[in-house]
Amino acid sequence: MAVHKPNEIPEEGNALRQTALFKQVPQDEADQLLGSLNEYTLAKGSTIFRQGDTDHHMYLIEEGRVKLVRQSADRRIQLLSIYGRGEILGEIPVFDPTGGPRTASAVVMVNRTKVAALDHDALFDWLNQHPKVAVDMLQVLANRLRTNNERISDLVFMDVPARLAKTLLNLATRFGEPFEEGLMVPHDLTQEEMAQLVGASRETVNKALMDFSNRGWISRKGRTIIIYQPGALIRRSRM
């Protein structure tokens with residue numbers, strides 16, 4: 001029996017309709033917007049948009065993976081989040097075109113990542129014809145805000161092992177590949193980036209990873225985590 005991940009796109013050519021923002025839209029209405037997409041295939045390390053840019057586009061990831069990073073005034077880099085197949089990023093300037101420059105950069109994590117860009121004018125011309133779709137979009141944006149608020153709460157109230165367990169489970173849900181012994185999660189992150197995603201120092205996160213490994217919950221192979229006991233991680237994320 002096939003196992004489908006939440007962001008999986010089962011058919012070619014319908015990536016827009018399978019994203020959270022558009023999956024409730026009737027096919028004929030979504031198809032009207034497909035012609036407005038500009039598609040690109042990008043190499044690892046390419047930048048989709050940069051912190052400080054003032055463009056009014058949002059981006060659909062059709063294949064591959066992208067990380068959102070922010071640079072401080074003293075050039076320190078912070079990994080904010082990761083986006084994968086079927087997800088949309090950079091949507092704020094589309095819905096708030098006067099809201100100022102971008103606050104982060106989107107960097108491609110794997111070769112041959114495919115993205116499609118949609119600009120403000122094309123989207124809103126379409127919404128004027130199908131205003132009910134805006135309700136679905138508001139629900140998705142509200143969920144994005146709720147997720148951000150939850151992450152802030154986690155940083156305040158959860159210890160590092162709990163945050164790490166929750167992060168691993170999130171990566172597994174979105175990018176994990178099931179096999180006989182458990183879940184293989186190719187995260188493509190350096191140790192420093194994993195620590196940034198958890199919101200802790202590299203040393204503290206590595207210590208927690210070693211503890212999880214010693215308990216038999218996970219194992220590590222380069223930039224891949226193998227999860228053997230997801231239930232144990234779920235319990236630890238709630239402590």
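Structure: above.
A quick note: this is a predicted structure, and the numbers were derived from the prediction, not measured.

Asker: Can you walk me through the environment of Glu 63 in this structure?
Answerer: Note on placement: Glu 63 falls in strand β3 (residues 57–63). For the pair Glu 63 and Leu 138, spaced 75 residues apart in sequence, the C-alpha to C-alpha distance is 25 Å. Ignoring any residue separated from it by four or fewer positions in sequence, one finds Glu 63 in contact with Arg 85, Arg 112, Thr 113 and Lys 114. Of the polar contacts made by the side chain of Glu 63, one reaches the side chain of Arg 85; its length is 2.5 Å.

Asker: Which parts of the structure should I look at to understand the packing of helix α7 (residues 191–198) against helix α8 (residues 202–214)?
Answerer: The geometry of a pair of packed helices is captured by two quantities: the angle between their axes and the separation between those axes. At a closest axis distance of 9 Å, the pairing of α7 and α8 adopts a crossing angle of 90°. When the interaxial angle is binned, α7 and α8 end up roughly perpendicular. Note on element contacts: α8 touches α7 through Arg 202, Val 205 and Asn 206, opposite Gln 191, Glu 192, Met 194, Ala 195 and Val 198. Of the residues in the contact of α7 with α8, the class split is four nonpolar, two polar and two charged.

Asker: Where do I start with the packing of helix α2 (residues 27–34) against helix α4 (residues 120–129) in this structure?
Answerer: Look at α2 against α4: their axes get within 10 Å of each other, and the N-to-C directions meet at 155°. Considering their axes alone, α2 and α4 lie roughly antiparallel with respect to each other. Considering the relative orientation of α2 and α4, their crossing is right-handed. Only Ala 122, Leu 123, Trp 126 and Gln 129 of α4 make contact with α2, whose side of the interface consists of Glu 29, Ala 30, Gln 32 and Leu 33. Partitioned by chemical class, the residues of the contact of α2 with α4 number five nonpolar, two polar and one charged.

Cut-off values and rules
- Residues numbered from 1 in each chain as written.
- Predicted model: local features only at pLDDT ≥ 70, side-chain atom pairs only at ≥ 80, totals over all residues.
- Heavy atoms only, no water.
- Helix = DSSP H or I, 4+ residues; strand = E, 2+ residues; numbered from the N terminus.
- Contact = heavy atoms within 4.5 Å.
- Polar contact = N/O pair within 3.5 Å; in protein donor to acceptor, adjacent residues only side chain to side chain.
- Axes fitted to C-alpha atoms, helices over the stretch in contact; angles between N-to-C directions.
- Parallel < 35°, antiparallel > 145°, perpendicular 65-115°, else oblique.
- Nonpolar A, V, L, I, M, F, W, Y, C, P; charged D, E, K, R; others polar.
- Left-handed = near helix turned anticlockwise from the far one by under 90°.

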